[in-house]
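# Coordinate analysis (summary)
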Amino acid sequence: GKQTFLVGEPAADVEFATGIAQEMQVWDFVLDDQNYNFAPVIDVIMATSGAPRVISDCYGGPESWYSEATMQASNIALQKFGVGGFIFVQAAGDTGPALNPHDCSIFDAQFPSASPYVLSVGGASVNKTNNTIQAWMNSSG
């Protein structure tokens, strides 16, 4: 089969997860689609014996990046995923619904985090000194 090497943000996410949860078995599914259609990889995960029931994804983008057909196909696959007992956890994105974090006059929801069939999460920092939690400056969560 085709061998794929992770680079950039996905590689950092895998390294982070395996570093903090060393006893956890980590599976890596790579989306090999220039149109960011999640349906094919979801089908592969669901058909893979013993695949994890919770899937985490860090990459998405403004809905304007996606065709209506791609979002519809992805949503149908994500709905089947949930009905099949799987949970798809999706990063909410760095800028929330604003295309530019410094100009909130144009909104373009992040996909697939805006899908009703995913668990969308944002980022936060915990300050253990004073027991406070603060949303990341560019986080939509």
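Keep in mind that this is a model prediction, so the values were computed, not measured. (Residues numbered from 1 in each chain as written. Predicted model: local features only at pLDDT ≥ 70, side-chain atom pairs only at ≥ 80, totals over all residues. Heavy atoms only, no water.)

### Some remarks on unusual backbone geometry
- The step from Phe111 to Pro112 runs through a cis peptide bond, and the omega angle for that step is 10°.
- By secondary structure assignment, the location of Pro112 is in the loop between strand E6 (110-111) and strand E7 (119-121). (Helix = DSSP H or I, 4+ residues; strand = E, 2+ residues; numbered from the N terminus.)

### Concerning the pairing of strand E3 (residues 87-91)
- Pairing of strand E1 (residues 54-57) with E3 involves 4 bridges; the strand directions are parallel. By the bridge assignment, Ile55 is partnered in E3 with Phe88. (Pairing = 2+ DSSP bridges.)

### Regarding the packing of aromatic side chains
- Tallied over the full model, the rule gives 4 aromatic pairs.
- Ring geometry for Phe81 and Phe88: centres 6.0 Å apart, planes at 75°, overall edge-to-face. For the pair Phe81 and Phe88, a shared accessibility class is recorded, and that class is buried.
- Its guanidinium or amino end placed over the ring of Phe86, Arg53 lies 4.1 Å from that ring's centre, counting from NZ or CZ. (Phe/Tyr/Trp six-rings, centres within 6.5 Å; stacked < 30°, edge-to-face > 60°. Buried < 20%, exposed > 50% of the residue type's maximum accessible area, 1.4 Å probe, protein only. Lys NZ or Arg CZ within 6 Å of the ring centre and 35° of its normal.)

### So, the sheet that holds E1
- Reading across from one edge, E1-E3-E7 is the order of the 3 strands in this open sheet, with parallel pairing throughout. Bordering the open sheet on either side are E1 and E7, each of which pairs with just one other strand. Adjacent strand axes in the sheet meet at a mean angle of 20°, parallel and antiparallel pairs treated alike.
- Sheet analysis places E3 next to E7, joined by 3 bridges and oriented parallel. For Ala91, the partnering residue across the bridge sits in E7 and is Val121. (Axes fitted to C-alpha atoms, helices over the stretch in contact; angles between N-to-C directions.)

### Thoughts on helix H2 (residues 39-47)
- Considered for burial, the residues of H2 that qualify are Ala39, Val41, Ile42 and Ile45. Taken around the axis of H2, the buried residues stretch over an arc of 165°, which confines them to a single face.
- Residues of H2 that are buried make contact with E1, helix H3 (68-83) and E3. (Arc of directions from axis to C-beta. Contact = heavy atoms within 4.5 Å.)

### Section: H3
- In this model H3 runs 23 Å from its N-terminal to its C-terminal C-alpha over 16 residues, within 8% of the 22 Å that 1.5 Å per residue would give.
- Taken as a whole, H3 has its buried residues at Thr70, Met71, Ser74, Asn75, Ala77, Leu78 and Phe81. All buried residues of H3 lie within an arc of 170° about the axis, which places them on one face of the element. Summarising the geometry of H3, the exposed residues directed more than 90 degrees from the buried face are Glu68, Ala69, Gln72, Lys80 and Val83.
- Residues of H3 that are buried in the fold lie against H2, E1, E3 and E6.
- Among the residues trailing H3, Gly85 stands out with phi positive, at a value near 90°. (Expected span 1.5 Å × (residues − 1).)

### Side note on the confidence of the model for the protein chain
- With 71% of its residues at a pLDDT of 70 or more, the protein chain has an overall mean of 77.
- Within the protein chain, H3 carries the highest mean pLDDT (93), whereas strand E4 (residues 98-100) carries the lowest (64). (pLDDT = per-residue confidence, 0-100.)

### A closer look at the nonpolar core
- Of all hydrophobic cores here, the largest spans 16 residues; its most connected members are Ile42, Ile45, Phe81 and Phe88.
- When near neighbours in sequence (up to four residues on either side) are disregarded, Ile42 contacts Ala77, Leu78, Phe81 and Phe88. (Core = buried A, V, L, I, M, F, W, Y, C linked by side-chain atoms within 4.5 Å.)

### Structural notes on the environment of Ile76
- With respect to the element layout, Ile76 can be found in helix H3.
- Separated by 37 residues in sequence, Ile76 and Ala39 have C-alpha atoms that sit 7.8 Å apart.

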